[in-house]
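Spelled out, the chains give:
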Amino acid sequence: MEDKINYQQFKIGVIGLGYVGLPLAAEFAKKYRVIGFDLKLLRITELNNGFDRTLEVSDELLKEVIKTENSPKIGLYCSNVLDDIRDCDIYIVTVPTPVDKNNRPDLTPLYKASETVGKVLKKGSIVVYESTVYPGVTEDECVPILEKSSGLKFNIDFFAGYSPERINPGDKEHTVSKILKVTSGSTPEAAEIIDQIYKSVITAGTFKATSIKVAEAAKVIENSQRDINIAFVNELAKIFNRLGIDTEDVLQAAGTKWNFMNFRPGLVGGHCIGVDPYYLAQKAQEAGYHPEIILAGRRLNDGIGEYIAQEVIKLMVKKDMPIRGAKILILGITFKENCPDVRNTKVVDILRTLKQYEVNITVFDPWADPAEVKHEYGCDSVRELGYAADFDAVILAVAHKEFKNLDVRKLCKEKRVIYDVKGILPKNIIDGRL
């Protein structure tokens, strides 16, 4: 294994080519032979043609590393054929780990990926998981599936590891190679090999955790910590709104202290911060402890979309504006700015609450794919918008760069309500913000 690392003879299989898997596969493909595996044929076709619809990997880099055939050369070959990932030295699983409608962890994608890898696993191979999980999932849930599917014995015939993903979708500064990587392995020897393979492409360096469970726990608390802190400032925003105080002004004043943490209120969605706390809570409850702060933060953040919608309706009522049939424009529906990902976006909570008032809603997002929005949430969205001055209210929900210089007033009637969720519009033109 060490010789293969030194001579760049490793064959790496990356399972799942989404926001996490593709950037990692492209980075490894600069030095190793990489097979990217994904079940979606359209995704494979687009990648082999040098196009990434997630916009995480540039067309230039894809064209540099993509190989159009499964050859022994360094580079990335994308496939949905199981035999193409046979005989890999290391498998890296990067499938999503969502929650179900009751906010319970759904490990189905992880189970299926483990079964897939198990079918082609060979003696001496290492399987590394990057998906966010609660402590114990790798060894207690995934490894038994690998053993059953492969007929091999754990820590005798094959080994495992966990290296949590830290991808920040849409961030072109903190890319995969520039973010320090936590690594771990099921034996000291496996841990060292995993650390070395990641260290060979991660310029920011690596940190070798003492165990797989420690690495799993470290990941799940990273986003739980952020979730709790954002919940705190969201609660402050609600309090200050009732007191007639501008939350941003308060945060700027408090931020002059050297150790004040700079969190801002807002919607908390996506497939990490809005999900990971539920994974930790699940494991805590299984251990007989009911987490209070973690779940309280989740409840508060999950209610922010409804709160924003209710605030807009209140502002319209104060201006004696008719509610039923009113035309409301929502600016942005992705879960974060400058990113096309609409999965688990909390903007839809604003839409669902507003629809109860029988208003007419237009969603404008230059980044989101209208077909994907329709498929995920059953609502229409547009990528272009004329400057017709006929909206009764505008809610800026996502801070896309295209919205920062947008004259929102030109989109509205003379009597209007403008609500700024992200705090990027001039204060003199808005009626409310978090």
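Conventions we followed
Residues numbered from 1 in each chain as written. Predicted model: local features only at pLDDT ≥ 70, side-chain atom pairs only at ≥ 80, totals over all residues. Heavy atoms only, no water. UniProt positions renumbered as here; feature names shortened; annotations may be inferred. Buried < 20%, exposed > 50% of the residue type's maximum accessible area, 1.4 Å probe, protein only. Helix = DSSP H or I, 4+ residues; strand = E, 2+ residues; numbered from the N terminus. Pairing = 2+ DSSP bridges. Right-handed = clockwise from strand over helix to strand, strands pointing away. Domains from an automatic or database assignment. Contact = heavy atoms within 4.5 Å. Buried area = accessible area lost by both parts, 1.4 Å probe. Salt bridge = Lys/Arg side-chain N within 4 Å of Asp/Glu carboxyl O. Nonpolar A, V, L, I, M, F, W, Y, C, P; charged D, E, K, R; others polar. Axes fitted to C-alpha atoms, helices over the stretch in contact; angles between N-to-C directions. Phe/Tyr/Trp six-rings, centres within 6.5 Å; stacked < 30°, edge-to-face > 60°. Lys NZ or Arg CZ within 6 Å of the ring centre and 35° of its normal. Polar contact = N/O pair within 3.5 Å; in protein donor to acceptor, adjacent residues only side chain to side chain. Parallel < 35°, antiparallel > 145°, perpendicular 65-115°, else oblique. Left-handed = near helix turned anticlockwise from the far one by under 90°.

In the nomenclature of an unreviewed UniProt entry, the chain corresponds to UDP-N-acetyl-D-glucosamine 6-dehydrogenase from the organism Mucilaginibacter gotjawali. Its UniProt record gives the chain a comment under Sequence similarities (unreviewed entry), which states: "Belongs to the UDP-glucose/GDP-mannose dehydrogenase family."

Here's the deal with the pairing of strand β9 (residues 327-331)
It is a general feature of regular strands that their side chains alternate between the two faces of the sheet. In terms of burial, β9 is largely enclosed, as four of its five residues are buried. Relative to strand β10 (residues 360-364), β9 runs parallel, the two sharing five bridges. Pairing of isoleucine 330 across the sheet is with valine 363, part of β10. In this fold, β9 hands off to helix α13 (residues 347-355), which returns the chain to β10; that crossover is right-handed.

Some words on the domain arrangement of the chain
Here the chain is partitioned into domain 1 (7-210) and domain 2 (303-433). If you average the C-alpha positions of domain 1 and of domain 2, the two centres end up 37 Å apart. Listed as interface residues are eight residues of domain 1 and, on the opposing side, nine residues of domain 2. For the pair domain 1 and domain 2, the two sides together bury roughly 580 Å², of which 54% comes from carbon and sulfur. A per-residue breakdown of the area domain 1 buries against domain 2 is headed by Tyr19, Leu55 and Pro169, which together make up 62% of the total. Viewed at the interface, domain 2 and domain 1 are joined by one salt bridge. Across the side of domain 1 that touches domain 2, the residue classes break down as four nonpolar, three polar and one charged.

Points about the sheet that holds strand β2 (residues 33-37)
Strand order in the open sheet formed by six strands is β3-β2-β1-β4-β5-β6, and the pairing between neighbours is parallel. Taken across any chain shown, the strands that pair with only one partner, and hence form the sheet edges, are β3 (75-79) and β6 (159-162). Between one strand axis and the next, the sheet turns by 20 degrees as a mean value, whatever way the strands run. Bridge analysis of strand β5 (residues 126-129) against β6 gives four bridges, and the strand direction is parallel. In the sheet register, tyrosine 129 faces β6, and the bridge partner there is tyrosine 162.

A few points about the pattern of salt bridges
Scanning the entire structure with this criterion turns up 29 salt bridges. Note that lysine 199 is salt-bridged to aspartate 195, the shortest N-O span being 3.4 Å. Placement of the pair is lysine 199 and aspartate 195 together in helix α7 (residues 188-199), with a separation of four residues, close to one helical turn. For lysine 199, a relative accessible area of 41% gives the class partly exposed. The closest approach of N and O atoms between lysine 327 and aspartate 390, which form a salt bridge, is 2.7 Å. Note that lysine 327 is positioned in strand β9 and aspartate 390 in the loop between α14 (370-377) and β11 (391-396), a separation of 63 residues in sequence. Classification of lysine 327 by relative accessible area gives partly exposed; the value is 30%. Among the charged side chains, a network of salt bridges with common partners joins Asp227, Arg298, Asp302 and Lys346.

Focus on the packing of aromatic side chains
With the rule as written, the count across this model stands at six aromatic pairs. Considering the side-chain rings of phenylalanine 154 and phenylalanine 158, the 5.7 Å spacing of their centres and the 45 degrees angle between planes classify their relative orientation as tilted. Neither residue differs from the other here; phenylalanine 154 and phenylalanine 158 are each classed as buried. Ring-pair connections join several aromatic residues into one group, and the members of that group are Phe10, Phe28, Tyr32 and Tyr198. Its end group placed over the ring of tryptophan 258, lysine 257 keeps NZ or CZ at 5.4 Å from the ring centre.

Examining the environment of arginine 53
Secondary-structure assignment places arginine 53 in the loop between α3 (41-48) and α4 (59-65). Arginine 53 sits in the partly exposed class, given a relative accessible area of 39%. Residues arginine 53 and glycine 18, spaced 35 residues apart in sequence, show a C-alpha to C-alpha distance of 9.5 Å. Within the local environment of arginine 53, its side chain forms a polar contact with the side chain of glutamate 46, the two groups lying 2.6 Å apart.

Some thoughts on the packing of helix α12 (residues 304-318) against α13
Two numbers describe how α12 lies on α13: the axes approach to 7 Å, and their chain directions differ by 45 degrees. Between α12 and α13, the crossing angle belongs to the class labelled oblique. The two elements α12 and α13 cross, and the hand of that crossing is right-handed. Counted together, Gly305, Glu306, Ile308, Ala309, Gln310 and Ile313 of α12 and Asp349, Ile350, Thr353 and Leu354 of α13 form the full contact between these two elements.

Side note on helix α10 (residues 276-286)
Among the residues of α10, those classed as buried are Asp276, Pro277, Tyr278, Tyr279, Leu280, Ala281 and Ala284. In this structure, the buried residues of α10 make contact with α8 (212-243) and α11 (293-302). Of the residues trailing α10, glycine 288 is marked for its positive phi of about 90 degrees.

So, the environment of aspartate 365
Tracing the chain through its elements places aspartate 365 in the loop between β10 and α14. Aspartate 365 sits in the buried class, given a relative accessible area of 0%. On a C-alpha basis, the gap between aspartate 365 and phenylalanine 403 in space is 9.5 Å, while along the polypeptide they are 38 residues apart. At 2.6 Å, the side chain of aspartate 365 forms a polar contact with the backbone nitrogen of isoleucine 333. In this structure the side chain of aspartate 365 is engaged in a polar contact, spanning 3.2 Å, whose partner is the backbone nitrogen of threonine 334.

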